[in-house]
There are 2 protein chains.
Amino acid sequence: MSPIIPYFQSIYPLSTASQEALAGICREISIPKNQDLQSIGQTCKTLYFLKKGMARIYYVKDGMDVTEGFYGEFNLIARAESLFAGKPSQKGIQVLEDSELWSIDTSALTSLHEEHRDIERLFAKLFQKAYVETIQRIENLQFHAAEERYHLLEKEQPEVLKRAPLKFIASYLGITQVSLSRIRAKKS
Amino acid sequence: MSPIIPYFQSIYPLSTASQEALAGICREISIPKNQDLQSIGQTCKTLYFLKKGMARIYYVKDGMDVTEGFYGEFNLIARAESLFAGKPSQKGIQVLEDSELWSIDTSALTSLHEEHRDIERLFAKLFQKAYVETIQRIENLQFHAAEERYHLLEKEQPEVLKRAPLKFIASYLGITQVSLSRIRAKKS
DNA sequence: ATCCTAATTTAACATTTGTTAAATGCTTTT
DNA sequence: AAAAGCATTTAACAAATGTTAAATTAGGAT
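Numbering of residues starts from 1 in every chain and runs along the sequence as written. For this description, chains carry letters from A and ligands carry numbers from 1, given in the order in which they are written. Note on the predicted model: pLDDT of at least 70 is required for a residue's local features to be given, and 80 or more for side-chain atom pairs to be given and counted; whole-chain, interface and lining totals, by contrast, use all residues. The side-chain quantities take in all heavy atoms of the structure and omit both hydrogens and water.

(A) Representation of the pairing of strand β8 (residues 99-105) of chain A in the model. Residues and elements named next belong to chain A. Where burial is concerned, most of β8 is hidden: five out of the seven residues are buried. Of the strand pairs in this sheet, strand β1 (residues 26-31) and β8 are connected by six bridges, and their pairing is antiparallel. Each bridged residue has a counterpart across the sheet, and for Ser-30 the counterpart in β8 is Glu-100. Burial classes follow relative accessibility: with a 1.4 Å probe on protein chains only, a residue under 20% of its type's maximum area counts as buried, one over 50% as exposed, and anything between as partly exposed. Helix and strand definitions follow DSSP, with helices as H or I runs of at least four residues and strands as E runs of at least two, each counted in order from the N terminus. Think of it this way: DSSP has to see at least two bridges between two strands before they count as a pair.

In structure tokens form, the structure reads like this:
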């Protein structure tokens with residue numbers, strides 16, 4: 001369990017009692033490469049934090065697989081639109097390599113809110129962080145052309161370029177695989 | 001003050017005491033067309049809800065004015081990336097027409113959190129809503145070509161097409177004014 | 001090692017979007 | 001009403017991205 005609680009502490013300080021309560025609902029799990037952590041159609045009832053590995057959230061639109069985002073170590077992974085609405089998600093979560101992660105059941109988490117206000121605030125903050133990252137992503141998609149978006153990804157999540165297959169990266173950037181391959185070729 | 005408290009109630013139920021406390025920190029203000037509600041460089045310390053009118057959040061990049069989003073009646077308007085970080089915002093808020101709105105000082109709001117847990121949760125929910133809309137916006141920018149994005153805006157915020165000038169709509173969609181004008185011409 | 005399959009790159013061409021500049025239309029001011 | 005200043009549209013061409021298909025490469029399975 002160890003390194004996840006210190007990570008939480010770095011986001012929002014927790015009382016000793018809250019640390020213990022929270023540690024009590026974190027489960028460690030392992031998932032083999034390419035497997036779905038959560039499938040399309042399921043309602044989001046679990047939050048994940050990667051200990052080791054890499055994951056993506058994806059959806060299928062017009063028969064095409066689209067990667068919405070890539071997530072590395074310690075990133076909060078959740079399908080917020082499903083969690084907040086309590087409705088089935090149109091999105092799935094898949095790991096790109098053999099991964100280890102912590103999972104937290106949201107109803108267990110919610111039941112800690114009454115007694116542990118700091119835990120409620122910690123997760124509010126984690127979602128705020130995710131929200132801000134999403135806003136920045138919009139700026140990126142809205143303002144930059146495909147090639148610039150590629151170089152931004154290269155700068156901000158260089159591991160993704162090494163670990164994710166071309167097709168995932170292309171749909172994440174909002175371009176075709178051929179286009180992405182062309183952009184890469186330019187580099188020389 | 002009237003209609004804003006019922007709106008809040010529809011998002012998250014509030015005790016009578018909380019309703020009164022919250023009403024006590026809502027201020028009604030009027031702003032003339034084209035004026036900035038908040039300027040670039042200011043730290044976000046106020047939240048707004050439009051009673052009447054329309055607003056946009058914008059930023060300047062490479063000398064170009066880019067509209068990040070349009071906001072209509074009862075929408076929460078805030079520069080989240082600045083609010084959550086406590087840092088100056090690179091974004092401004094401008095009203096597109098003579099507008100009336102409610103403003104809420106964030107430090108006054110925060111001071112209500114301890115005593116009024118329902119208020120804290122109400123605003124957590126409002127930001128969740130905003131977050132989910134942002135996620136959907138990404139799907140839109142990532143997956144759809146310019147013309148489709150235009151038609152989606154037409155469907156989801158038709159008032160924007162009537163009330164906002166071409167240049168704001170174009171940068172919102174991530175295209176040039178000329179391109180937008182061309183898309184419009186196709187319609188016939 | 002070899003074969004088989006999937007992933008990536010390359011090529012050729014079509015379509016979309018960007019760029020620059022001019023023409024038209026609309027508002028506001030005088 | 002005329003003039004001035006913006007906003008929007010149109011046109012012509014350039015650049016970027018999409019599409020289809022073939023060629024190459026890389027990895028896994030036998």
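After that view, the rundown keeps rolling.
(B) Here's a closer look at the protein's contact with DNA strand C. Nearness is judged by heavy atoms alone; a residue qualifies as near a molecule or strand once a single heavy atom is within 4 Å of it. Taken together, the neighbourhood of DNA strand C is formed by 16 residues, with A:Leu166, A:Ser181, B:Ala146, B:Ser179 and B:Arg182 sitting nearest. The contact atoms of DNA strand C, taken as those within 4 Å of the protein, divide so that sugar and phosphate hold 58%. Separating a base nitrogen of DNA strand C from a side-chain N or O atom of B:Arg182 is a distance of 2.8 Å. The set of elements that each furnish at least two residues to the surface near DNA strand C consists of α8 (166-173) and α9 (177-186) of chain A together with α9 (177-186) of chain B. The element that contributes the greatest number of residues to the surface near DNA strand C is α9(A), accounting for five residues. Note on residue categories: nonpolar means Ala, Val, Leu, Ile, Met, Phe, Trp, Tyr, Cys or Pro, charged means Asp, Glu, Lys or Arg, and polar means any other residue, Gly included. Of the residues in the surface near DNA strand C, the class split is eight nonpolar, four polar and four charged. Whenever a nitrogen or oxygen atom comes within 3.5 Å of another N or O atom, the pair is scored as a polar contact, on the condition that within protein one atom can donate a hydrogen and the other can accept it, and that pairs from neighbouring residues in sequence are kept only if both atoms are in side chains.

(C) Representation of the pattern of salt bridges within the structure. Salt bridge, as used here, is a side-chain nitrogen of Lys or Arg placed within 4 Å of a carboxyl oxygen of Asp or Glu. By the definition in use, this model includes 25 salt bridges over all chains. Across the pair A:Glu68 and A:Lys91 runs a salt bridge, and its minimum N-O distance is 2.8 Å. In this pair, A:Glu68 is assigned in strand β5 (residues 64-71) and A:Lys91 in strand β7 (residues 91-95), connecting sequence segments 23 residues apart. The partner of B:Arg117 in a salt bridge is A:Glu114, and the shortest N-O contact between them spans 3.9 Å.

(D) Representation of the sheet that holds strand β8 (residues 99-105) of chain B within the structure. All names here are of chain B. Reading across from one edge, β1-β8-β3-β6 is the order of the four strands in this open sheet, with antiparallel pairing throughout. On the outer flanks of this sheet lie β1 (26-31) and β6 (76-77), each paired with one strand and no other. Direction of pairing for strand β3 (residues 46-52) relative to β6: antiparallel, over a ladder of two bridges. The residue bridging Phe-49 from the neighbouring strand is Leu-76, located in β6.

(E) Spotlight on the relation of the copies chain B and chain A. The superposition of copies rests on a least-squares fit of C-alpha positions from residues with pLDDT of 70 or more in both. Rotating chain B by 180° and moving it 0.0 Å along the rotation axis overlays it on chain A with an RMSD of 0.0 Å. In symmetry terms, the pair is related by a two-fold rotation axis. An overlap of 100% is found between the interface residues of chain B and their copies at the interface of chain A, pointing to a shared contact surface. Any two residues whose heavy atoms approach within 4.5 Å are treated as being in contact.

(F) View of the nonpolar core. What makes a nonpolar core is a set of buried Ala, Val, Leu, Ile, Met, Phe, Trp, Tyr and Cys residues whose side-chain atoms join them at distances within 4.5 Å. Formed by 57 residues in total, the largest nonpolar core has its most connected members in A:Phe8, A:Leu22, A:Phe123, B:Phe8, B:Leu22 and B:Phe123. In contact with B:Leu22, not counting residues within four places along its chain, are B:Ile5, B:Phe8, B:Leu14, B:Ile104, B:Leu109, B:Leu112, B:Ile119, B:Leu122 and B:Phe123.

(G) Representation of the packing of helix α4 (residues 106-113) of chain A against helix α5 (residues 117-143) of chain A within the structure. Residues and elements named next belong to chain A. Where α4 contacts α5, the two axes come as close as 7 Å, and the packing angle between them is 130°. Judged by the angle between their axes, α4 and α5 are oblique. Facing α4, whose interface residues are Leu-109, Leu-112 and His-113, α5 presents Arg-117, Ile-119, Glu-120 and Phe-123. Among the residues making up the contact of α4 with α5, the classes are represented as four nonpolar, one polar and two charged. In this description, a line fitted to the C-alpha atoms serves as the axis of each element, helices being fitted only across the stretch in contact, and the angle between N-to-C directions of two axes falls anywhere from 0 to 180 degrees. By the definition adopted for this analysis, an angle is roughly parallel if under 35 degrees, roughly antiparallel if over 145, roughly perpendicular if from 65 to 115, and oblique otherwise.

(H) Representation of the side chain of B:Ser99 within the structure. Of note, B:Ser99 is situated in strand β8. In this view, B:Ser99 contacts B:Ile29, B:Ser30, B:Ile31, B:Leu50, B:Lys52, B:Gly53 and B:Met54; residues no more than four positions away in its chain are not counted.

(I) A look at the sheet that holds β5(A). Residue and element names in this part refer to chain A. Strand order across the open sheet formed by four strands is β2-β7-β4-β5, with antiparallel pairing between neighbours. At either end of the open sheet lies a strand with only one pairing partner, and these are β2 (36-38) and β5. Going across the sheet, the axis of each strand differs from the next one's by a mean of 35°, ignoring polarity. Pairing geometry for β2 and β7, over two bridges, is antiparallel. When the sheet's bridge partners are listed, Asp-36 is paired in β7 with Gln-94.

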